[in-house]
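Read off the chains here:
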Amino acid sequence: MTTRDGWIDEEYRGIVRTGFRRTKSLFKAKSAFQSVEVVQTAGHGKLLLIDGMTMVSERDEFVYHEMIAHVPLFLHPRPRRVLVIGGGDGGTVREVLRHKSVESCTLVEIDGLVVEASRRFIPSTAGKLSDRRVRVRIEDGVKFARETSERFDVVIIDSTEPFGPAKALFGPAFYKDVKRILTDDGIVVSQAGSPFYEIGTVKNLDRLLRPIFPVVDAYLFTNLTYPGGLWAFAFASKGLRPVKDLRSTRISSAKLPLKWYNSDVHVGAFALPEFLRKALSRRSPAAV
Ligand code: SAM
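Source: prediction; values computed, not measured. (Residues numbered from 1 in each chain as written. Predicted model: local features only at pLDDT ≥ 70, side-chain atom pairs only at ≥ 80, totals over all residues. Heavy atoms only, no water.)

(A) A look at the site of the ligand. Taken together, 23 residues sit near the ligand, with Gln-34, Glu-109, Gly-141, Pro-165 and Tyr-226 positioned nearest. With respect to the ligand, the side chain of Gln-34 contributes an N or O atom lying 2.9 Å from an oxygen atom. One of the side-chain nitrogen or oxygen atoms of Asp-140 is found 3.0 Å away from a nitrogen atom of the ligand. In the complex, 99% of the free accessible area of the ligand, which totals 600 Å², lies under the protein chains. No fewer than three residues from each of domain 1 (2–57) and domain 2 (61–287) sit in the shell around the ligand. (Near = heavy atom within 4 Å. Polar contact = N/O pair within 3.5 Å; in protein donor to acceptor, adjacent residues only side chain to side chain. Areas by Shrake-Rupley, 256 points an atom, 1.4 Å probe, with all protein chains shown as cover. Domains from an automatic or database assignment.)

(B) Fine view of the environment of Ala-126. Note on placement: Ala-126 falls in helix H4 (residues 123–126). C-alpha of Ala-126 to C-alpha of Asp-5: the two residues are 121 residues apart in sequence and 29 Å apart in space. Every residue in contact with Ala-126, bar those within four places of it in the chain, is listed here: Asp-89, Gly-90, Ser-118 and Arg-119. (Helix = DSSP H or I, 4+ residues; strand = E, 2+ residues; numbered from the N terminus. Contact = heavy atoms within 4.5 Å.)

(C) Highlighting unusual backbone geometry. The phi dihedral of Arg-13 is positive, around 55 degrees, even though this residue is not glycine. As for its position among the elements, Arg-13 is in the loop between strand S2 (7–12) and strand S3 (16–30). At Ser-281, a residue that is not glycine, the phi angle is positive and equals roughly 50 degrees. Here Ser-281 shows up in the segment after helix H10 (274–279). Under the relative-accessibility criterion, Ser-281 is labelled exposed at 66%. (Buried < 20%, exposed > 50% of the residue type's maximum accessible area, 1.4 Å probe, protein only.)

Structural data, given as structure tokens:
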């Protein structure tokens, strides 16, 4: 990340910069894992950065958090126990808790500094981390998935990119553990990176999930702050198909105060552009 006077720039893979007009630096510290920073910006609210990469902007975080949470939670017939790995800013947990059927949401975040900074400076995402249904564990999600005897209906991997502490979250051993801790109609979704800049990450995740889960897919969203705008999630389940098994009446009857997600957006998110379909060895859409 570089700073020009009055600007904070995310430099992505040395090939693109996204600049935000910074009005105030609110927090900056280093943990054993990464540097964590919160800045106030002129046009995007507060920004959370980890190792100089934008994680959350108050301006558009609702897109990412609604799409990572409501796609699996409205597809599952009755999600009660949810596991979020990563997600220390709390935005995913906030969206999970909107579902009345959810009895418990376990957040496993490796870096307590991210939770602390988010609780202090970004209550709009972290405010629900104190909800009675939430249990926050500061530990490695890979270890938790390997050792827990608990079972979950939905697992959400809201992690950083596949390096540093997050690297093992993009490996087959971890997903075999995730499959073990999912209930019979369990679903897992994962932050999968940019189809434009990191198609390798999207492909690798898809390829490693295929031998482990009977249903594997990818879905897309767009936002303001991530480099290139277009971003992917990986989807896998023990049987539920992300579009065919969606009961849109569940969405309409829940009447949640959402700003991005709805049944059309859910279905459309799984409509992949040709370059991505080919990269994921998907057949082209059937003739309609
Ligand atoms: N929305 C962001 C994105 O798309 O990049 C991710 C937000 S959240 C801040 C990512 C979190 O994953 C970070 O707080 C990081 O500490 C956490 N994380 C990385 N590796 C982890 C691991 N092995 N176990 C648990 N949390 C991990």
